Amino acid sequence: MQRRFPISFLAASTRLLLLALWWPAPLSALVFGDGDPGNGIEDDRVLAGDHHSAPELRDWLQQAGTIFCDGAVRGSAVLATQPAADMTPSDLILVTAAHVFYDLELGQRWQRCFYHHQGMAARPGYRVPLRWEWVQTGDFNPLSNPSHAQQGAGDWAFVWLGGQWTPPEGTTGFRLGTLSAGGQPPFKLASVAWHSQRQQLGAVGACQGVWSGHDDLGGGLWSGQLLDDCDDADGASGGALLQQRNGSVVLVAVRGGSHHALESGAPEAGAQWNVQQRTNYARALDANVLEALDGFLRELADGGG
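Residues numbered from 1 in each chain as written. Predicted model: local features only at pLDDT ≥ 70, side-chain atom pairs only at ≥ 80, totals over all residues. Heavy atoms only, no water.

**Examining the overall build of the chain**
So the rule is basically this: Strands here are runs of E lasting at least two residues and helices are runs of H or I lasting at least four, both read from the DSSP assignment and numbered beginning at the N terminus. Note on classification: 1.4 Å probe, protein chains only; a residue is buried when its accessible area is under 20% of the maximum for its type, exposed when over 50%, partly exposed between these limits. We call two residues contacting when some pair of their heavy atoms lies within 4.5 Å. Each accessible area is a Shrake-Rupley estimate made with a 1.4 Å probe; only the visible protein chains count as cover when residues are assessed.
The helix and strand inventory of the chain stands at three helices and 18 strands. Burial statistics for the chain: of 305 residues in total, 52% are counted as buried. For the chain, the share of sequence-separated contacts (at least 6 apart) that also reach a separation of at least 24 residues comes to 71%. Here the chain has roughly 13500 Å² of accessible surface; of this, 50% comes from carbon and sulfur atoms.

Okay, structure coming up:
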């Protein structure tokens, strides 16, 4: 059940227009603040090692890890519960971004990948090999630049872990859901992703997001493009955007990267969130993505894996 990744090319005129509007920052998400460097960069991420953090944040961090391919961490990933009660191949599915599985400079897939639970590869039972026939992605083009605003609709991936891995106690995974079920924008969000500078997972307990429209950096060019101010940085691609509802936590989007306007220059950490100048973006889960997951699980249940 090998997944094929279609390749398409933009017209030269479209590429020139995009280069005039957006500065390429495909994988590095941003940290936002009030724009005053005098009071610090106001990074809201709480790290896994911060024992003073709220219990719910520590629980969220226990549901995540990293994608490690060809010798380096390529992005983040989170575990989710299967949405269909009759699915039996595995209790948990790995959710991440499609682009983390590729060397984007060459447009080629990495040779060998692992999931490192909580980023702790050295701990016994925390390193899980990934098989390509157990990876389901959207229509992501590895020869494209993920920072271009028309990219991203297919930048999601689900991975079956083979049914042989026993997660550590307390690893329950997030429930999957859509933002349409969680009220109107601006959406109240939270996030979990890898903090590459500190080499730990980090979580943000409160941030916000809106749908991309025609007058912002995302241009509203594809359905499900979420613009948000959830603090992230290198290594966050494939991380989780979460929403709290009635005492439960729902995984609603997958981190893609960031956009920022060319004329504003490279944004400094702590700059204000502004969807016309600098913003993080994510691929929100919707009916189409969840239907693709359902089909993937049914193939696995029927012996397609």
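**Details of the pattern of salt bridges**
When the charged atoms of two side chains with opposite charge come close together, those side chains can pair. Here is the rule we go by: One side-chain nitrogen of Lys or Arg within 4 Å of one carboxyl oxygen of Asp or Glu is enough to make a salt bridge.
In total, this model carries six salt bridges according to the counting rule given. Between R255 and D228 there is a salt bridge, with its nearest N and O atoms 2.7 Å apart. Here R255, found in strand β17 (residues 248-261), pairs with D228, found in strand β15 (residues 225-228); they are 27 residues apart in sequence, far enough to count as distant. We classify R255 as buried; its relative accessible area is 1%. The shortest N-O distance in the salt bridge between R255 and D232 comes to 3.0 Å. Taken together, the positions of R255 in strand β17 and D232 in the loop between β15 and β16 (240-245) put the pair 23 residues apart, joining distant regions of the chain. Here the two residues R255 and D232 agree in accessibility, since each one is buried.

**A short note on the nonpolar core**
Where we set the bar: As used here, the term nonpolar core means buried Ala, Val, Leu, Ile, Met, Phe, Trp, Tyr and Cys residues forming a set that is joined through side-chain atoms within 4.5 Å.
Counting 54 residues, the largest nonpolar core has W60, L94, F101, L130, L242 and L251 as its most contacted members. When residues in this core are grouped by element, the largest group, five residues, is from helix α3 (residues 287-301). Residues in contact with W60, not counting those within four places in the same chain, are F174, A190, V192, A203, V204, G205, L242, Q244 and V249. Formed by 13 residues, the second largest nonpolar core is a distinct cluster that contains V204, L241, A282 and A284.

**Some details on the sheet that holds strand β4 (residues 72-81)**
Hydrogen bonds along the backbone pair up the strands of a sheet, which may run parallel or antiparallel. What counts, and what does not: Each pair of strands is called paired provided DSSP finds at least two bridges between the two strands. Simply put, an axis is a line fit to the C-alpha atoms, just over the touching stretch for a helix, and the angle between two N-to-C directions goes from 0 to 180 degrees.
One open sheet accounts for seven strands, arranged β9-β8-β3-β4-β5-β11-β10; its pairing is antiparallel. Each having just a single partner strand, β9 (127-129) and β10 (135-137) make up the two edges of the open sheet. Strand after strand, the sheet turns through a mean of 30° between neighbouring axes, direction not considered. Sheet analysis places β4 next to strand β5 (residues 92-96), joined by four bridges and oriented antiparallel. Its bridge partner lying in β5, A80 is registered against I93.

**Considerations on the pairing of strand β13 (residues 187-195)**
In terms of residue burial, β13 counts as a mostly covered element, since eight of its nine residues are buried. Bridge count between β13 and strand β14 (residues 200-211): eight bridges; the pairing is antiparallel. Of the residues in β14, the one forming a bridge with W194 is L201. The loop that links β13 with its antiparallel partner β14 comprises four residues; one of these, Q199, has a positive phi angle of about 55°.

**Observations regarding the pairing of β17**
A large share of β17 lies buried, amounting to 13 of its 14 residues. Pairing geometry for strand β12 (residues 175-176) and β17, over two bridges, is parallel. Paired with R175 across the two strands is V250, which belongs to β17. Bridge count for β16 against β17 is six bridges, and the pairing is antiparallel. Along β17, the bridge assignment pairs A240 with V254. Hairpin geometry of β16 and β17 is characterised by an intervening segment of two residues between the two adjacent antiparallel strands and by a positive phi of about 50° at N246. In terms of strand pairing, β17 meets strand β18 (residues 278-284) through seven bridges, oriented antiparallel.

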